[in-house]
Amino acid sequence: MLKQVFKRPQKGKIFRDSLVRELDDLGNKSLGISAFIAFFVGGVVAIQTALNVDNPMIPKYLIGFATKRSIILEFAPTFISIILAGKVGSFITSSIGTMRVTEQIDALEVMGINSLNYLVLPKIITTIFFYPFIISIAIFLGIFGGWVAGELTGLFSSTDYIDGIQLEFKSFFYVYAMIKTMVFAFVIATIPAYHGYYVKGGSLEVGRSSTRAVVWTSVTIIVLNYFLTQMLLS
Amino acid sequence: MIEVKDIHKSFGDAHVLKGISATFEAGKTSLIIGQSGSGKTVFIKSLLGLHTPEKGDICYDGKNYGNMSTDERRYLRKEIGMVFQGSALFDSSTVEENVMFPLKMFTNQSKSEMLERVNFVLNRVDLVDANNKYPSELSGGMQKRVAIARAIVMKPKYLFCDEPNSGLDPRTAILIDNLIQEITDEYNIITVINTHDMNSVMEIGEKIIFLQHGIKEWEGTSNDIFKTDNKAVTDFVYSSNLFKKVRQAYLMEDKK
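Summary of the structure given here. (Residues numbered from 1 in each chain as written. Chains lettered and ligands numbered in written order. Predicted model: local features only at pLDDT ≥ 70, side-chain atom pairs only at ≥ 80, totals over all residues. Heavy atoms only, no water.)

**Here we look at the interface of chain A and chain B**
Contacts between the two partners involve 19 residues from chain A and, on the opposite side, 24 residues from chain B. Around 2000 Å² of area is buried between chain A and chain B when both sides are counted, 60% of it from carbon and sulfur atoms. Scanning the region where chain A abuts chain B turns up 3 salt bridges. Notably, a salt bridge pairs A:Glu109 with B:Arg77, separated by 3.1 Å at the nearest N-O pair. Connecting chain A to chain B are 7 residue pairs in polar contact (both at pLDDT 80 or more). Here the side of chain A that touches chain B takes 6 residues from helix α4 (residues 104-110) of chain A, the largest share from any one element. Of the residues in the side of chain A that touches chain B, the class split is 8 nonpolar, 6 polar and 5 charged. (Contact = heavy atoms within 4.5 Å. Buried area = accessible area lost by both parts, 1.4 Å probe. Salt bridge = Lys/Arg side-chain N within 4 Å of Asp/Glu carboxyl O. Polar contact = N/O pair within 3.5 Å; in protein donor to acceptor, adjacent residues only side chain to side chain. Helix = DSSP H or I, 4+ residues; strand = E, 2+ residues; numbered from the N terminus. Nonpolar A, V, L, I, M, F, W, Y, C, P; charged D, E, K, R; others polar.)

Here it is, written out as structure tokens:
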């Protein structure tokens with residue numbers, strides 16, 4: 001499957017048009033939900049950290065520090081990727097699966113079009129190159145959400161929080177988050193595409209296939225997250 | 001010419017095609033008929049390369065499809081037009097975009113040239129003022145016309161139709177049959193049609209192949225079908241009283 005996917009696109013202009021369409025469907029339309037979730041998760045992480053740091057010996061700026069680390073290392077890349085696996089994964093499986101069961105993929109093949117390349121490659125490129133942007137925004141909004149939570153609840157001061165997020169910034173952690181995001185983006189595009197492309201039957205099977213795709217994508221992300229963390233951070 | 005030699009195709013334990021051979025010539029409309037489950041769709045999809053037969057050869061103008069490289073197959077497919085049973089139109093594209101798609105993909109024509117060609121083929125299939133409609137806004141007959149327009153827009157050498165009349169009223173079915181016949185004559189192409197429709201058999205069947213249980217049971221013309229004593233064919237074709245009467249009338253006329 002991947003050999004056919006990564007062939008050179010048959011027509012540059014059509015490929016560019018597909019990229020723009022996928023950028024809108026898989027990228028732009030995922031920005032809102034990712035931003036919303038990141039903002040609130042950031043707030044929750046900050047509140048929970050503040051509530052658990054009741055020892056007066058522990059400086060308050062650690063709340064901002066812990067929130068920043070949690071958001072960059074785990075919540076933004078992994079949590080948001082799992083959300084995207086559900087949203088984008090089901091969209092990819094159902095759109096390709098519907099094309100399969102209504103013979104639209106056969107129609108592409110009969111025309112002489114490499115359907116895997118035409119349908120899947122723009123999705124992979126879009127997710128791999130656009131999701132780091134989404135996750136970067138999610139990181140920013142998550143940390144910002146933590147600050148807003150502090151302002152609203154009064155559990156920690158703005159100065160402590162800002163001191164905390166400025167403390168010991170390691171740029172590799174951001175690189176690590178982006179590497180994870182790109183690997184997860186590849187998984188989010190390919191596993192659902194596989195399930196959609198090879199679906200057999202009718203609309204019920206397309207629905208079942210979408211569910212299966214989301215489950216397998218989420219499981220793969222969780223497992224890969226473990227191995228990537230071990231490889232990159234240990 | 002398309003030559004099919006002894007093709008076999010199985011799905012698991014189901015041996016669907018059991019050694020079918022046939023030839024299809026340019027300028028002729030060939031019909032594949034048979035009951036549901038006789039292997040018609042698998043046969044036509046094998047000709048198109050959508051199924052790979054386990055045994056046998058399919059030759060397009062002397063070139064064995066099985067021995068072609070992926071790129072050669074894709075090149076050949078540019079010369080093939082296909083009308084699917086459910087039309088298989090791209091449902092998120094308009095009629096114009098559907099028909100223009102092969103031109104965009106395989107030619108370097110300007111937008112105005114492509115539009116001219118699209119309008120020409122849409123006129124050819126009697127579809128006017130439908131350019132900006134989506135497939136879901138069209139009737140079944142109109143969708144079939146769009147599918148035919150898309151199939152012929154690249155001026156194919158081979159046209160395949162899977163049940164082009166299914167789900168259509170008798171009048172529209174005849175119009176679609178006539179349209180396919182006219183296109184076959186006009187472009188001198190090889191047309192292969194899968195059908196259940198006995199009107200099509202009588203109207204446009206220059207060559208008829210009857211499949212039963214994955215075997216080619218009978219082959220002839222629409223005139224031969226009136227005279228045949230082959231029980232499987234007569235049981236299938238003359239299962240309706242109307243066609244029984246048509247046959248009796250034909251045979252009486254023939255005796256005179």
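**A look at the packing of aromatic side chains**
Residues and elements named next belong to chain A. Per the stated rule, a full pass over the model turns up 17 aromatic pairs over all chains. Between Phe-39 and Phe-144, the aromatic rings sit 5.9 Å apart at their centres with planes inclined by 45°, giving tilted as the arrangement. Placement of the pair is Phe-39 in helix α2 (residues 12-52) and Phe-144 in helix α5 (residues 115-153), with a sequence separation of 105 residues. Here Phe-39 falls in the partly exposed class, since its relative accessible area comes to 24%. Taken together, a centroid distance of 6.3 Å and an interplanar angle of 0° make the contact between Phe-140 and Phe-144 stacked. Residue Phe-140 and its partner Phe-144 are located together in helix α5, separated by 4 residues, close to a single helical turn. In this structure Phe-140 comes out as exposed when scored by relative accessible area, which is 56%. Members of the aromatic cluster, joined through ring pairs, are Phe-36, Phe-39, Phe-40, Phe-140, Phe-144 and Trp-147. (Phe/Tyr/Trp six-rings, centres within 6.5 Å; stacked < 30°, edge-to-face > 60°. Buried < 20%, exposed > 50% of the residue type's maximum accessible area, 1.4 Å probe, protein only.)

**Points about the nonpolar core**
Ranked by internal contacts, the top residues of the largest apolar core, which has 62 residues, are A:Leu108, A:Ile113, A:Tyr118, A:Val120, A:Tyr131, A:Ile139 and B:Phe101. Listed by contribution, the elements that provide at least two residues to this core are α2, α3 (61-101), α4, α5, α7 (171-197) and α8 (203-233) of chain A together with α3 (95-106) of chain B. By residue number, the principal contributor to this core is α5(A), which donates 15 residues. Apart from residues lying up to four places away in sequence, A:Tyr118 is in contact with A:Ile14, A:Ser18, A:Arg21, A:Leu108, A:Ile113, B:Phe101 and B:Met105. One finds B:Val99, B:Ala151, B:Ile225 and B:Ala232 within the second-largest nonpolar core, a separate group that totals 46 residues. (Core = buried A, V, L, I, M, F, W, Y, C linked by side-chain atoms within 4.5 Å.)

**Overview of the sheet that holds strand β4 (residues 55-60) of chain B**
All names here are of chain B. The antiparallel open sheet is built from 4 strands, whose spatial order is β2-β1-β4-β5. The sheet is open, and its two edges are formed by β2 (14-24) and β5 (63-64), each paired on a single side. Strand direction decides the pairing type here: β4 and β5, joined by 2 bridges, are antiparallel. Counted as the bridge partner of Tyr-60 is Lys-63 from β5. Against the sheet, helix α1 (residues 40-47) touches β1 (2-11), β2 and β4, its axis set at about 60° to β2. (Pairing = 2+ DSSP bridges. Axes fitted to C-alpha atoms, helices over the stretch in contact; angles between N-to-C directions.)

**Section: the layout of surface pockets**
By rolling a water-sized probe across the atoms, one finds the places where empty space is left. Taken as a whole, the largest pocket holds about 960 Å³ of empty space. Along the wall of the largest pocket there are 28 residues; nearest its centre are A:Arg100, A:Asp106, A:Tyr197, B:Leu50 and B:His51. At the level of elements, α3 and α4 of chain A together with β1 and α2 (70-77) of chain B are the ones that each hand at least two residues to the lining of the largest pocket. No other element matches the 4 residues that α2(B) contributes to the lining of the largest pocket. Counted by class, the lining of the largest pocket contains 10 nonpolar, 8 polar and 10 charged residues. Approximately 780 Å³ is the volume found for the second largest pocket. What lines the second largest pocket is a set of 29 residues, among which A:Arg21, A:Tyr118, B:Phe90, B:Ser92 and B:Ser93 lie closest to the centre. Elements supplying a minimum of two residues to the lining of the second largest pocket: α2, α3, α4 and α5 of chain A together with α3 of chain B. In terms of residue class, the lining of the second largest pocket is made up of 11 nonpolar, 8 polar and 10 charged. (1 Å grid on protein atoms, 1.4 Å probe; cavity = no way out; pocket = protein on both sides within 12 Å on 5 of 7 lines; lining within 4 Å. Points joined across faces, edges and corners; volume = space filled by probe spheres on them.)

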